[in-house]
Amino acid sequence: MAAKKAAEKTPSTFVWGTGRRKNAIARVRIREGEGKVLINNRTVEDYLPRFYWSSQAVEPLKVAGVEGKIDVFVNAHGGGLTGQAGAIRLGIARAILKMYPTARPVLKKAGMLTRDPRMVERKKVGLKGARGRFQFSKR
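As the structure is a computational prediction, the values presented were derived from the model and not from experiment.

A. Just the overall build of the chain, in detail. Counting its secondary structure elements, the chain contains 6 helices and 5 strands. Along the chain direction, N to C, the helices and strands of the chain fall in the order α-β-β-β-β-α-α-α-β-α-α. In the chain, which comprises 139 residues, the share counted as buried stands at 35%. Counting contacts in the chain only where the partners sit at least 6 residues apart, residues at least 24 apart contribute 68% of the total. Of the roughly 9200 Å² that the chain leaves accessible, carbon and sulfur atoms contribute 55%. Side-chain charges in the chain split into 30 positive and 10 negative, and the spacing between the mean points of these groups amounts to 14 Å.

Listed below in structure tokens is the structure:
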């Protein structure tokens, strides 16, 4: 009897999406639900304190029209919060695309499915940074 109740409470299967931006990686799982969004077991507003970051991260939910219909669970690491917000955005969009293939034109038009290719330029040998040089003294 207890096993039967546990089976009834088991949530529907998850759909995965991976997002990357700069050095940040976000592994996103979504499922049908009541609209709960957790990033590293914290709420969006708690994890991403700036409004721009939090609104950017959940933007695909609004664009696809599934806000409040699916639960989102994110594991984000690497980089800073700006990169993580962008990675979460891409990961959510990719997961929504797997769950709702008809949402592709809307997400594509909004630019949610494009991975931002910009990365930090590497530091060159003998220089201060990627392009910064030490001050030159003639004498």
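Read on for the rest.
B. Region of interest: unusual backbone geometry. If you check the backbone angles, lysine 22 has positive phi at about 50 degrees while not being a glycine. As for its placement among the helices and strands, lysine 22 is situated in the loop between β1 (15–21) and β2 (24–32). Assessed through its relative accessible area of 41%, lysine 22 is described here as partly exposed.

C. Structural context of the pairing of β1. Only one face of β1 is covered, namely the face carrying Val15, Gly17, Gly19 and Arg21; the face carrying Trp16, Thr18 and Arg20 is uncovered. Here β1 pairs with β2 via 7 bridges, running antiparallel. Counted as the bridge partner of arginine 20 is isoleucine 25 from β2. In this antiparallel pair of consecutive strands, β1 and β2, the connection spans 2 residues, and lysine 22 shows a positive phi of 50 degrees.

D. Local environment of the sheet that holds strand β4 (residues 42–43). Taken in spatial order, the 5 strands make up an open sheet running β1-β2-β5-β3-β4, and their pairing is mixed. What marks the edges here is a single partner per strand, and that holds for β1 and β4. Of the pairings in the sheet, the one linking strand β3 (residues 37–39) to strand β5 (residues 70–77) comprises 3 bridges and is parallel in character. In the sheet register, valine 37 faces β5, and the bridge partner there is valine 72. This element, helix α5 (residues 81–99), spans β1, β2, β3 and β5 of the sheet and lies at about 150 degrees to β1.

What counts, and at which threshold
- Residues numbered from 1 in each chain as written.
- Predicted model: local features only at pLDDT ≥ 70, side-chain atom pairs only at ≥ 80, totals over all residues.
- Heavy atoms only, no water.
- Helix = DSSP H or I, 4+ residues; strand = E, 2+ residues; numbered from the N terminus.
- Buried < 20%, exposed > 50% of the residue type's maximum accessible area, 1.4 Å probe, protein only.
- Contact = heavy atoms within 4.5 Å.
- Areas by Shrake-Rupley, 256 points an atom, 1.4 Å probe, with all protein chains shown as cover.
- Lys, Arg positive; Asp, Glu negative; His and termini not counted.
- Charge placed at Lys NZ, Arg CZ, Asp CG, Glu CD.
- Pairing = 2+ DSSP bridges.
- Axes fitted to C-alpha atoms, helices over the stretch in contact; angles between N-to-C directions.

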